[in-house]
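# Structural description and commentary
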Amino acid sequence: MDSLPDKLPFFEVEGLHQSLEGQEVLRGVSFSAAQGKTTVILGGSGAGKSVLLRHLNGLMKPIAGTVKVMGRDIGPLSERDLRPIRRSIGVLFQDGALFDSMDVSENIAFPLREGGERDESAIAARVEETLSLVGLHGHERKRPDALSGGMRKRVSLARAIAARPDCLLYDEPTAGLDPLLSENITRLIARLKDEMRLTSVMVTHNLGAMRFVADHVIFLNHGRVLYAGEPEGLEDSTDEAIRNFLDADALGRE
Amino acid sequence: MMNWSRGFLAQLGRFGLLSKEVLASLLHSGIRWRAVSSQIVAIGIGSQLVVIVTGAFTGAVFAAQAYFKFKELGLGSATGPVVSIAMCRELGPVLAALMVAGRMGSAMAAEIGTMRVTQQVDALRSFGVDPVDYLVVPKFLAILVSMPVLVAEAIWLGMIAAEFLTVEMFGVPRPWFDAQLVAHTRVDDVATGLIKGTIFGVIIVIVSCARGIHAKDGAVGVGQATTRAVVDSSLAILVVNFFLSLLLNYWLPTSSIDL
Ligand SMILES: Nc1ncnc2c1ncn2[C@@H]1O[C@H](COP(=O)(O)OP(=O)(O)OP(=O)(O)O)[C@@H](O)[C@H]1O
Ligand SMILES: [Mg+2]
């Protein structure tokens with residue numbers, strides 16, 4: 001399956017630079033994420049993973065370099081022109097970013113309504129179904145501030161997938177979950193990819209999850225890509241930053 | 001001084017930009033009527049008590065002071081017209097707007113600021129929703145509807161309180177008070193108050209929402225944005241009121257008082 005060179009990558013990032021408050025956060029990041037595959041972005045805290053993810057649906061504009069979505073450079077697009085592209089990409093934010101003026105079911109229904117769905121019974125059915133998928137059946141009426149951190153993350157995941165986007169961006173979907181939930185969510189992400197042929201880009205610290213879902217891995221360090229390739233190849237890397245990261249993880253699991 | 005004026009100009013630029021975005025959104029995007037109506041409830045219905053109390057007590061205290069002075073001159077019955085003109089043209093719109101700025105300006109900046117720093121604004125954008133369409137325009141439309149009503153109430157309550165005080169406490173005959181009041185209050189006076197109130201409402205929404213949108217990260221940033229929203233919109237109301245008074249006194253002059 002990997003031998004389809006003519007298939008357009010979903011995301012194509014070229015020489016991406018970003019500075020925030022005088023600090024260079026991304027210094028020439030290039031990678032591509034294939035359609036229907038899961039690309040995992042690894043890297044230490046502060047490496048620039050979340051900032052990189054925010055460029056993929058145009059929430060941030062590069063100060064240099066290009067971001068292409070399905071071959072189209074999104075840099076020059078206005079907020080209005082970005083709308084259809086953004087609707088095809090679901091996002092799970094690192095801190096959930098649930099709308100706290102709405103309850104759980106309204107949060108999940110939001111992308112459906114904004115996508116133009118008017119049939120209330122269809123919306124309700126989809127909300128139910130998506131909530132069960134993340135194991136939160138029965139919590140429909142709760143407000144985000146009445147949820148635990150892990151529950152919030154799962155509601156956010158449900159909201160991201162509710163409108164059946166073509167692509168999903170996950171920012172640390174398993175951080176802050178207990179091991180069992182973490183495994184469930186990882187399996188869910190793998191299933192979404194298999195069943196819906198979703199393209200996904202997942203930022204994570206969780207090497208176990210990475211090994212389970214990744215087709216392609218990018219290791220980011222201080223705003224630069226140190227490794228891009230097969231997940232297996234990462235383990236053989238001799239780069240010091242990567243070795244430290246992998247060894248620290250091994251220690252953490254002993 | 002340089003820094004200060006640069007900051008001031010940058011701030012004006014933000015207000016201008018947001019105003020432009022609101023106009024563009026009104027022209028090009030559908031209006032979210034449900035959000036508008038819930039904002040009318042929050043702004044219009046929610047501000048009833050403060051506006052009524054403000055209007056009534058301002059009218060009463062102004063009537064008392066005016067009466068004491070006019071009585072010495074033997075012009076006790078001029079109290080009605082003076083209170084009425086002052087309430088219609090200045091006190092009603094300005095005080096109602098200051099109260100709404102305190103109540104709703106802070107709430108708007110806090111809501112939008114919190115949504116920004118917790119990435120809810122980014123979440124909106126990610127779902128293809130324009131934050132200005134979704135968060136600012138409903139408040140803008142709601143305040144356009146609410147402010148004239150609130151100002152009218154403040155004026156009305158002010159006059160009722162003034163009448164009560166002058167007639168019941170100071171013993172000016174009611175028909176006399178009423179006749180003077182009606183004879184010297186013109187549609188132009190009331191229109192002035194309503195126009196001012198509407199403009200102040202726009203100021204409150206634009207200033208407070210812009211402050212919220214540009215809130216710095218963290219709870220401190222939101223707190224600052226909230227304070228600034230109230231301070232900036234209150235100062236803007238007072239300054240703009242002065243120029244509006246000049247302009248409106250020219251367009252919609254008040255009647256001359258000939259007793
Ligand atoms: N809005 C911002 N303003 C200024 N600096 C920022 C902003 N967002 C991120 N940064 C900086 O950019 C760098 C990368 O941040 P980013 O959030 O991408 O890290 P990360 O790799 O996602 O880390 P973590 O794993 O802890 O989430 C950090 O040094 C951070 O201080
Ligand atoms: Mg991050």
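Structural data are supplied above this passage.
This report concerns the structure included in the present document.

What counts and how
Residues numbered from 1 in each chain as written. Chains lettered and ligands numbered in written order. Predicted model: local features only at pLDDT ≥ 70, side-chain atom pairs only at ≥ 80, totals over all residues. Heavy atoms only, no water. Helix = DSSP H or I, 4+ residues; strand = E, 2+ residues; numbered from the N terminus. Rg over C-alpha atoms; globule rule 2.2 N^0.38 Å. Buried < 20%, exposed > 50% of the residue type's maximum accessible area, 1.4 Å probe, protein only. Contact = heavy atoms within 4.5 Å. Areas by Shrake-Rupley, 256 points an atom, 1.4 Å probe, with all protein chains shown as cover. Lys, Arg positive; Asp, Glu negative; His and termini not counted. Charge placed at Lys NZ, Arg CZ, Asp CG, Glu CD. Core = buried A, V, L, I, M, F, W, Y, C linked by side-chain atoms within 4.5 Å. Near = heavy atom within 4 Å. Polar contact = N/O pair within 3.5 Å; in protein donor to acceptor, adjacent residues only side chain to side chain. Salt bridge = Lys/Arg side-chain N within 4 Å of Asp/Glu carboxyl O. Nonpolar A, V, L, I, M, F, W, Y, C, P; charged D, E, K, R; others polar. Donors = N, O, S within 2.8 Å, 3.2 Å for Na, K, Ca; no water. Axes fitted to C-alpha atoms, helices over the stretch in contact; angles between N-to-C directions. Left-handed = near helix turned anticlockwise from the far one by under 90°. Phe/Tyr/Trp six-rings, centres within 6.5 Å; stacked < 30°, edge-to-face > 60°. Lys NZ or Arg CZ within 6 Å of the ring centre and 35° of its normal. Patch = residues over 30% accessible without salt bridge, like charges linked within 9 Å, V, L, I, M, F, W, Y side chains within 5 Å.

## Points about the overall build of chain A
When you go through chain A residue by residue, the secondary structure sums to nine helices and ten strands. Compactness check: chain A gives a C-alpha radius of gyration of 18 Å against a globular reference of 18 Å for 254 residues, within 12% of the reference. Taken over 254 residues, chain A has a buried fraction of 50%. Excluding contacts between residues fewer than 6 apart, the proportion of contacts in chain A whose partners are at least 24 apart in sequence is 65%. Per element, the accessible surface of chain A, about 11,600 Å² overall, is 49% carbon and sulfur. On chain A, the mean spot of the 31 positive side-chain charges and the mean spot of the 38 negative ones are 4 Å from each other.

## A closer look at the nonpolar core
A:Phe11, A:Phe31, A:Leu56, A:Leu169, B:Val100 and B:Val136 are the most contacted members of the largest nonpolar core, which has 92 residues in total. Broken down by element, the residue count for this core peaks at 16 residues, all from helix α6 (residues 131–169) of chain B. Not counting residues within four places of it along the chain, the set of residues in contact with B:Val136 comprises B:Leu18, B:Val22, B:Ile112, B:Pro131, B:Val205, B:Cys209 and B:Ile213.

## Observations regarding the site of ligand 1
Residue and element names in this part refer to chain A. In the vicinity of ligand 1 there are 15 residues, among which Ser45, Gly46, Lys49, Ser50 and Gln94 approach most closely. Separating an oxygen atom of ligand 1 from a side-chain N or O atom of Ser50 is a distance of 2.7 Å. Interatomic distance of 3.0 Å between a backbone N/O atom of Val51 and an oxygen atom of ligand 1. Look at ligand 1: alone it shows 630 Å² of surface, and the protein chains cover 69% of it. Elements with a minimum of two residues in the shell around ligand 1: β2 (23–33) and α1 (49–56).

## Topic: the interface of chain A and chain B
Taken together, the contact pairs 21 residues of chain A with 18 residues of chain B. B:Arg32 is paired through a salt bridge with A:Glu114; the nearest N and O atoms lie 3.0 Å apart. At the junction of chain A with chain B, the criterion picks out eight residue pairs in polar contact (both at pLDDT 80 or more). Breaking the side of chain A that touches chain B down by element, the ones donating at least two residues are α2 (79–87), β6 (89–92) and α3 (104–114) of chain A. Ranked by the residues each element gives to the side of chain A that touches chain B, the list is headed by α2(A), at five residues. Classifying every residue of the side of chain A that touches chain B gives ten nonpolar, two polar and nine charged.

## Comments concerning the coordination of the magnesium ion (ligand 2)
Each pair of donors in an ideal octahedron of six around a metal sits at 90 or 180 degrees, and each pair in an ideal tetrahedron of four sits at 109.5 degrees. Residues and elements named next belong to chain A. Here the magnesium ion (ligand 2) is held by the protein donor atoms Ser50 (OG) and Gln94 (OE1), which lie 1.9 to 2.2 Å from it. Here Gln94 lies in the loop between β6 and α3 and Ser50 lies in helix α1, a separation of 44 residues in the sequence. Note on Ser50: relative accessible area 24%, which makes it partly exposed. Here Gln94 falls in the partly exposed class, since its relative accessible area comes to 30%.

## A short note on unusual backbone geometry
Residues and elements named next belong to chain A. A positive phi is found at Glu172, a non-glycine position, where the angle reads about 50 degrees. Inspection of the secondary structure puts Glu172 in the loop between β7 (167–171) and α6 (179–196). Relative accessible area serves as the criterion here: at 6%, Glu172 is assigned to the buried category. Positive phi values are uncommon outside glycine, yet His222 reaches one of about 45 degrees.

## Topic: the packing of α6(B) against helix α7 (residues 174–184) of chain B
Residue and element names in this part refer to chain B. At a closest axis distance of 10 Å, the pairing of α6 and α7 adopts a crossing angle of 145 degrees. Where α6 crosses over α7, the two elements pack in a sense that is right-handed. Contacts between α6 and α7 pair Met159, Ala162, Glu163, Thr166, Val167 and Glu168 from the former with Arg174, Phe177, Asp178 and Leu181 from the latter. Looking at the contact of α6 with α7, its residues break down into five nonpolar, one polar and four charged.

## Considerations on the environment of B:Leu235
Looking at the element boundaries, B:Leu235 is found in helix α9 (residues 218–251). Here B:Leu235 falls in the exposed class, since its relative accessible area comes to 51%.

## Topic: the packing of aromatic side chains
To describe a pair of aromatic rings, one takes the distance between the centres and the angle between the planes. Evaluation of the coordinates by the stated rule reveals ten aromatic pairs over all chains. Arranged with centres 6.4 Å apart and planes meeting at 65 degrees, the rings of B:Tyr67 and B:Phe68 form a pair that is edge-to-face. On the accessibility criterion, B:Tyr67 (9% relative accessible area) is buried. Assessed through its relative accessible area of 42%, B:Phe68 is described here as partly exposed. A connected cluster of aromatic rings, assembled from ring pairs, spans A:Phe99, A:Phe110, B:Phe127 and B:Tyr134. The ring of A:Phe99 has A:Arg159 lying over it, and the distance from NZ or CZ to the ring centre is 4.7 Å.

## Notes on the pattern of salt bridges
Enumeration according to the criterion identifies 24 salt bridges over all chains in this entry. Ionic pairing is found between A:Arg86 and A:Glu79, a salt bridge with its closest N-O pair at 3.0 Å. For A:Arg86, a relative accessible area of 1% gives the class buried. Linking B:Arg116 and B:Asp217 is a salt bridge whose minimum nitrogen-to-oxygen distance equals 3.0 Å. Placement of B:Arg116 in helix α4 (residues 79–117) and of B:Asp217 in the loop between α8 (187–213) and α9 is noted, with a sequence separation of 101 residues between them. When its relative accessible area of 28% is taken as the criterion, B:Arg116 is described as partly exposed. Residues joined by salt bridges that share partners form a network here, namely A:Arg54, A:Glu79, A:Arg86, B:Asp122 and B:Arg125.

## Thoughts on a nonpolar patch on the surface
Residues and elements named next belong to chain B. Taken together, the side chains of Trp4, Phe8, Leu9 and Leu12 define a hydrophobic patch exposed on the protein surface, amounting to about 460 Å² of accessible area. As for its position among the elements, Leu12 is in helix α1 (residues 2–28). By relative accessible area, which is 42% here, Leu12 ends up partly exposed.

Note that all results are geometric; they support no functional claim without further evidence.
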